[in-house]
Amino acid sequence: MRILILGKDGQLGQSLIKEGKKTGTYVKGYSRIELDITSKNAVDKILTLIKPNIIINTAAYHVVPDCEINADKAFQVNAIALKNLALISKSNAIKFITISSDYVFDGKKNKPYREDDKTNPLQIYGISKNAGELITLNYNPDSIIIRTCGLYGGLTGSKSKKGNFVLSIISADKNHSSLEVSSDLYANPTYSSDLASAIFQLLLDTQNKGIYHLASEGYCSMAEFAQKIAEYANLTIKIIPVKNRISAEDFKRSKFSVLSNTRARKIGIVLPSWEKSLKKYMEFLKY
């Protein structure tokens, strides 16, 4: 098994490369700077060089507020680039996996979303990711779409987001005695290392295809998540739960974007609880 990772510097990209080394799988990754996935010629050259039988695309334009300003770029990276990747993988008998998001849902269901639930994104980022899903499955029906939620991982988190939620809470402890965090935004925070392991399990069967939800078991409000971070990291900062305040100028956000791992569970793939995963991440940061 030869795997090509697109977006190697991201939280998930780094975890996938580590998982490859751990399992003895050949994995080669390229960063956004090294490979522009919107360039067909650049992608063609890499495929000729690497000759992978699996492509995992973790590259995305995912700073949500920026997507509202730079909609063209969001659609180019999150949707249009996937047409070429889907076509080239199909024509070369390469398994194609791309990562999507809980942002494709509007949150009005108020209970965990299954893979077959109707999508209704509320902002440019979610719309572009939803478009990417449709494009991928239209041009290569054998592809795998993996939706995840609240991703965090790595020593420094996401470069484009300058960290992640966990690291932000730890950092806030150094300069603040208290911090207000939303009590009405719900998600299942997912550790990138656990997600990478689940993806490798999914790849063991070449017949797997379509949409899968892979996210931590259980869910919490962002305030509850912050409180657990403070508890597990022995922080002194006080987390104050507050209702989410969104001005008319802000992008819309789903208040309940929890994912249900329905299809993966049927084939025996289940991620740990979000509490257990958070403890693992804290141990990783500590050592």
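Scroll up to find the structure this text is about.
Quick caveat, the model's predicted, so the values are computed rather than measured.

## Structural notes on the overall build of the protein
A tally of helices and strands in the protein yields ten helices and twelve strands. The dimensions of the protein, computed from C-alpha atoms along their principal axes, are 55 × 45 × 40 Å. Sorting the 287 residues of the protein into buried and exposed places 52% on the buried side. Long-range contacts, defined as pairs at least 24 residues apart, comprise 82% of the intrachain contacts of the protein with a sequence gap of at least 6. As displayed, the protein has an accessible area near 13800 Å², and 51% of this comes from carbon and sulfur atoms. In the protein, 40 positive and 27 negative side-chain charges are present, and the distance between their average locations comes to 4 Å.

## A closer look at helix α6 (residues 165-172)
Along α6, the residues classified as buried are Val 166, Leu 167, Ile 169 and Ala 172. For α6, the elements touching its buried residues are β6 (151-152), β7 (178-182), α8 (222-232), β12 (238-242) and α10 (274-286). Where α6 begins, the capping side chain belongs to Asn 164, and its oxygen is found 3.1 Å from the backbone nitrogen of Val 166.

## Quick look at the packing of aromatic side chains
With the rule as written, the count across this model stands at twelve aromatic pairs. Arranged with centres 4.1 Å apart and planes meeting at 10 degrees, the rings of Phe 105 and Tyr 113 form a pair that is stacked. Pair check on accessibility: Phe 105 and Tyr 113 agree, each one buried. Residues Tyr 152 and Phe 225 carry aromatic rings whose centres are separated by 5.8 Å and whose planes lie at 45 degrees to one another, so their mutual orientation is tilted. With Tyr 152 in strand β6 and Phe 225 in helix α8, the pair connects residues that are 73 residues apart, well separated along the chain.

## A few points about the nonpolar core
Grouped together as the largest cluster of nonpolar side chains are 29 residues, with contacts concentrated most on Tyr 152, Val 166, Phe 225, Ile 229 and Leu 278. Mapped onto this core, the elements with two or more residues apiece are α6, α8 and α10. If one sorts the elements of this core by residue count, α8 sits on top with six residues. Not counting residues within four places of it along the chain, the set of residues in contact with Ile 229 comprises Phe 165, Val 166, Ile 169, Ile 170, Leu 235, Leu 278 and Met 282. In this structure, Leu 47, Leu 82, Ile 124 and Tyr 125 belong to the second largest nonpolar core, which totals 26 residues.

## Focus on the pattern of salt bridges
Under the definition given, this model contains eleven salt bridges. In this structure, Arg 114 and Asp 116 form a salt bridge, with 3.5 Å as the shortest nitrogen-oxygen distance. By relative accessible area, which is 37% here, Arg 114 ends up partly exposed. Arg 147 is the salt-bridge partner of Glu 133, the closest N and O atoms lying 2.8 Å from each other. Here the residue Glu 133 occupies a position in helix α5 (residues 124-139), and Arg 147 occupies one in strand β5 (residues 144-148), the gap between them amounting to 14 residues. The residues Glu 133 and Arg 147 share a single accessibility class, namely buried.

Conventions and cut-offs
- Residues numbered from 1 in each chain as written.
- Predicted model: local features only at pLDDT ≥ 70, side-chain atom pairs only at ≥ 80, totals over all residues.
- Heavy atoms only, no water.
- Helix = DSSP H or I, 4+ residues; strand = E, 2+ residues; numbered from the N terminus.
- Buried < 20%, exposed > 50% of the residue type's maximum accessible area, 1.4 Å probe, protein only.
- Contact = heavy atoms within 4.5 Å.
- Areas by Shrake-Rupley, 256 points an atom, 1.4 Å probe, with all protein chains shown as cover.
- Lys, Arg positive; Asp, Glu negative; His and termini not counted.
- Charge placed at Lys NZ, Arg CZ, Asp CG, Glu CD.
- Polar contact = N/O pair within 3.5 Å; in protein donor to acceptor, adjacent residues only side chain to side chain.
- Phe/Tyr/Trp six-rings, centres within 6.5 Å; stacked < 30°, edge-to-face > 60°.
- Core = buried A, V, L, I, M, F, W, Y, C linked by side-chain atoms within 4.5 Å.
- Salt bridge = Lys/Arg side-chain N within 4 Å of Asp/Glu carboxyl O.

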